[in-house]
Amino acid sequence: MTELADLAQRYGVATDFIDWRGHRVPVPEHTLIGVLASLGVPAGSAAERDEAARNHDREHWGFTLPPTVVARCGTASSFWVHVTHGDPVGLWIRLEDGSVRTGLRQLENNRPPYDLDGRLIGEATFELPADLPPGYHRLHAQAGQLDISTTLIVAPATLAAPTTRQWGLAAQLYSVTSENSWGTGDLTDLTDLAVWSAARHGAGFILVNPLHAAAPVAPMEPSPYLPTSRRFVNPLYLRVEAVPEYAHLRKRGPLRKARADLAARARRHDGIDRDAAWKVKRAALKQLYRVPRSAGRELAYAAFLDRAGRSLDDFAVWCALAEVHGSDWHRWPEPLTHPDAPAVAEFAAGHAEAVDFHRWLQWLLDDQLTAAQATAIQAGMSLGIMHDLAVGVDPNGADSWALQDVLALGVSAGAPPDEYNQLGQNWSQPPWRPDQLEKSGYAPFRALVEAVLRHAGGVRIDHIIGLFRLWWIPQGAAPTEGTYVRYDHDALIGIVALEAMRAGAVVVGEDLGTVEPWVRDYLSERGLFGTSILWFERDREWGQPDKPLPANRWREACLSSVTTHDLPPTAGYLAGEHIRLREELGLLTRPAEEELAADRAEQAAWLAELQRLGLVGADPGIDEMIRGLYAYLGRTPSKLLALALPDAVGDVRAQNQPGTTDEYPNWRVPLAGPDGRRLRVEDIFADPRANALAEVMKSQVRTMET
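Predicted model only: the values in this text are computed from it and were never measured.

### Looking at the overall build of the protein
Point 1. Looking only at helices and strands, the protein has 21 helices and 27 strands in total.
Point 2. Over its C-alpha atoms the protein spans a radius of gyration of 27 Å, differing by no more than 12% from the 27 Å that the globule rule assigns to 706 residues.
Point 3. With respect to the principal axes defined by its C-alpha atoms, the protein has extents near 80 × 75 × 50 Å.
Point 4. Counting every position in the protein, which comprises 706 residues, the buried fraction comes to 56%.
Point 5. For the protein, the share of sequence-separated contacts (at least 6 apart) that also reach a separation of at least 24 residues comes to 72%.
Point 6. Carbon and sulfur atoms make up 51% of the accessible area of the protein, which totals about 29200 Å².
Point 7. Averaging the locations of the 70 positively and 91 negatively charged side chains of the protein gives two centres separated by 6 Å.

### Overview of a positive patch on the surface
Point 1. A contiguous patch of positive charge on the surface is contributed by Arg265, Arg267, Arg268, Lys279, Arg677 and Arg680.
Point 2. The dominant element in the positive patch, judged by the number of residues it contributes, is helix H5 (residues 253-268), at three residues.
Point 3. The residue Arg265 is located in helix H5 in this model.

### Here's the deal with the side chain of Gln425
Point 1. Note that Gln425 resides in strand E18 (residues 425-429).
Point 2. Judged by its relative accessible area of 16%, Gln425 is buried.
Point 3. Within the local environment of Gln425, its side chain forms a polar contact with the side chain of Trp427, the two groups lying 3.1 Å apart.
Point 4. Filtering out sequence-adjacent residues up to four positions away, Gln425 remains in contact with Gly414, Ala415, Ile473, Pro479 and Pro658.

### Details of the environment of Ala258
Point 1. Relative to the elements of secondary structure, Ala258 occurs in helix H5.
Point 2. Taking the relative accessible area as the measure of exposure, Ala258 reaches 26% and is therefore partly exposed.

### Topic: the pattern of salt bridges
Point 1. Tallying each qualifying case throughout the model produces 47 salt bridges.
Point 2. As a salt-bridge pair, Arg460 and Asp462 come within 3.3 Å of each other at their nearest N and O atoms. The same class applies to Arg460 as to Asp462, namely buried.
Point 3. Three or more residues joined by partner-sharing salt bridges are found here, namely Asp6, Arg10 and Asp57.

### Remarks on the domain arrangement of the protein
Point 1. We note that the domain assignment places domain 1 (74-155) and domain 2 (169-390) within the protein.
Point 2. Taking only C-alpha atoms, the centre of domain 1 and the centre of domain 2 are 45 Å apart.

### Re the UniProt feature "domain: MalQ N-terminal beta-sandwich" (unreviewed entry) in the protein
Point 1. As annotated by UniProt and renumbered to match this structure, "domain: MalQ N-terminal beta-sandwich" (unreviewed entry) occupies residues 65-156.
Point 2. Secondary structure within residues 65-156 divides into 0% helix and 59% strand; the distance between the first and last C-alpha atoms comes to 23 Å.

### Details of the sheet that holds E18
Point 1. Within the open sheet, the four strands sit side by side as E18-E17-E20-E21. Their pairing is antiparallel. Looking at the sheet topology across the chains shown, the edges are occupied by E18 and strand E21 (483-486). Averaged over neighbouring strand pairs, the angle between their axes works out to 50° when direction is ignored.
Point 2. Two strands pair when backbone bridges link them, and strand E20 (residues 469-474) and E21 are joined in this way by four bridges, in the antiparallel orientation. Each bridged residue has a counterpart across the sheet, and for Arg469 the counterpart in E21 is Arg486.

### Examining the packing of helix H1 (residues 2-10) against helix H2 (residues 29-38)
Point 1. The geometry of H1 relative to H2 is characterised by a closest axis approach of 11 Å and an angle of 40° between their N-to-C directions. The angle between H1 and H2 places the two elements in the oblique class. For the pair H1 and H2, the crossing hand works out as left-handed. From H1, Leu4, Leu7 and Ala8 reach across to H2, where they touch Glu29, Leu32, Ile33 and Leu36.
Point 2. Here the residues of the contact of H1 with H2 are counted per class, giving six nonpolar, no polar and one charged.

### Some points on the sheet that holds strand E11 (residues 146-155)
Point 1. Here we have five strands laid out as an open sheet, ordered E3-E11-E10-E5-E6, and mixed in their pairing. Where the open sheet ends on each side, the last strands, each with one partner, are strand E3 (68-72) and strand E6 (100-101).
Point 2. As paired elements, E3 and E11 share five bridges and run parallel to each other. Within E11, the residue paired with Val70 across the bridge is Ile153.

About the cut-offs
Residues numbered from 1 in each chain as written. Predicted model: local features only at pLDDT ≥ 70, side-chain atom pairs only at ≥ 80, totals over all residues. Heavy atoms only, no water. Helix = DSSP H or I, 4+ residues; strand = E, 2+ residues; numbered from the N terminus. Rg over C-alpha atoms; globule rule 2.2 N^0.38 Å. Buried < 20%, exposed > 50% of the residue type's maximum accessible area, 1.4 Å probe, protein only. Contact = heavy atoms within 4.5 Å. Areas by Shrake-Rupley, 256 points an atom, 1.4 Å probe, with all protein chains shown as cover. Lys, Arg positive; Asp, Glu negative; His and termini not counted. Charge placed at Lys NZ, Arg CZ, Asp CG, Glu CD. Patch = residues over 30% accessible without salt bridge, like charges linked within 9 Å, V, L, I, M, F, W, Y side chains within 5 Å. Salt bridge = Lys/Arg side-chain N within 4 Å of Asp/Glu carboxyl O. Polar contact = N/O pair within 3.5 Å; in protein donor to acceptor, adjacent residues only side chain to side chain. Domains from an automatic or database assignment. UniProt positions renumbered as here; feature names shortened; annotations may be inferred. Pairing = 2+ DSSP bridges. Axes fitted to C-alpha atoms, helices over the stretch in contact; angles between N-to-C directions. Parallel < 35°, antiparallel > 145°, perpendicular 65-115°, else oblique. Left-handed = near helix turned anticlockwise from the far one by under 90°. Nonpolar A, V, L, I, M, F, W, Y, C, P; charged D, E, K, R; others polar.

Put into structure tokens, the structure is as follows:
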């Protein structure tokens, strides 16, 4: 195991870890072998491990410059250079703006040379000056006749925080329909929610679920956290009538009838039927696609295509292929399984209209997202829309096809067991390969972050801990049989900070679950916000029962809320729905009686704390208790406060139950009131409960400001 452990360490693969109970857990040998294999490293035998270690050294010394160099503004840093031992090397930096920096200072480096196939390779160290501007630059080295360059990423040291406290709604958009929706919530509904919460109740942002693209074929994946692509948007969120060409459609009556029929079916159905909605909406959009565009619109479309480039082409081709061959590219004819294959180009040429239709849909989404953000700001929001970036993508989808060379195949990302998911989680998503990301200059990750911030005043990054280390599970293994793989967090967080600085956006990291203690400090130092959920904020003293964490000890650089989409809305949580549901689904690891007793004790502690602060009366009802819990958020120093839309209307059903797929209707639950009746956007605006709770949030913002 010693050679295997050494090899694992070279590739950033953990050989043990601390679990949620504080116990050190060794990683089984078969897990290490499986994870290393997904990194392209055979390690099943002693001979393979020995050869892999030698290859690792040879590759390192074969690089003239590091695959990517990362630095921070205001801080000098260093990098190595490899040349034939004793040879001179010339270095310079070409900045983003085209200007050149020379005169890099050499530092002392006494590392002995390395014998690479009979050629001695020496290593020199040079200093990057502290005054480099933020951006993506090129670092050049000239050794003899060779001119080698690499990506140099200079990130801001920290992001500026919002100057005042803000509150915002947190909505699962697909679940919130209006009178004019096409079966699911859309971008016009998002805009209307933003305007209502801002203009009437002073909200500064609206947090929305990931709007990432799903495969455009049935059955459409319901989870917004398992998209086919994170770089593009689901056209299910388009409002047909908001497309400019709709005004020039000669016969709009059939489209209005199709929408009305769809809405009527949706009202009769206890769930979100994405397939039915997309079938009708796609047919309507296909009609609009054939409407001639004005000269100005043609110019705008051409400009969009130029900006989007190859990544949009790959996505549109994948969508067209999926409509012919199905949404799992592993089952396609072998010549079509790589985007660079000649057969793919031949298919695209033969299906030019189908490919262009999917490019056109993304252009419409770009337009409607731009309008939504502009309208939110115009209504008075300081941040506007806060988008959500999912952890990964469907292993059979568009991004895993187009980016397969930088994703780890044969493993899945997930999470180890924790207090709330005691069997662990397998998210069925291929993780980034850290080595291939570095060799690419992090280009795919840079493009992803830039895309999600294009129409945003903020972004929530789901499981931001995955930018430090991520739980990899070998194919066929249980979630408990995984291990952590390290990433260069300075590079990944630096890119996030750089793109957020350029977008003028705030970044919120979802840092719940098993987190190394130093990580939250690091995120705070870089100006990224964390996440606090009231039910998880506990004051733990050794040998004493948990009690609510005092409000003054909550984090300031944080988005705080009472609940999350992985728990029932607060009305359901107070009724013990989170325990009843997990018991029904067989997800508890201790008797339900023990869980219920612990839950009753927790709720009693919160009731006592709210009563101590005068936020609820002696015997509060559900609505008063919910208002009191949200008012408690105002007693914390947190700069960002979120009100879950289901809490605003008294909904009781959870959107998602981790650890399940079809056992529970995850991501298919329409927004409803406490009586289970489906609510529309128009109902929210007139709902006394929603307006009262929004005013509670508004008062918490005023309280901090005064």
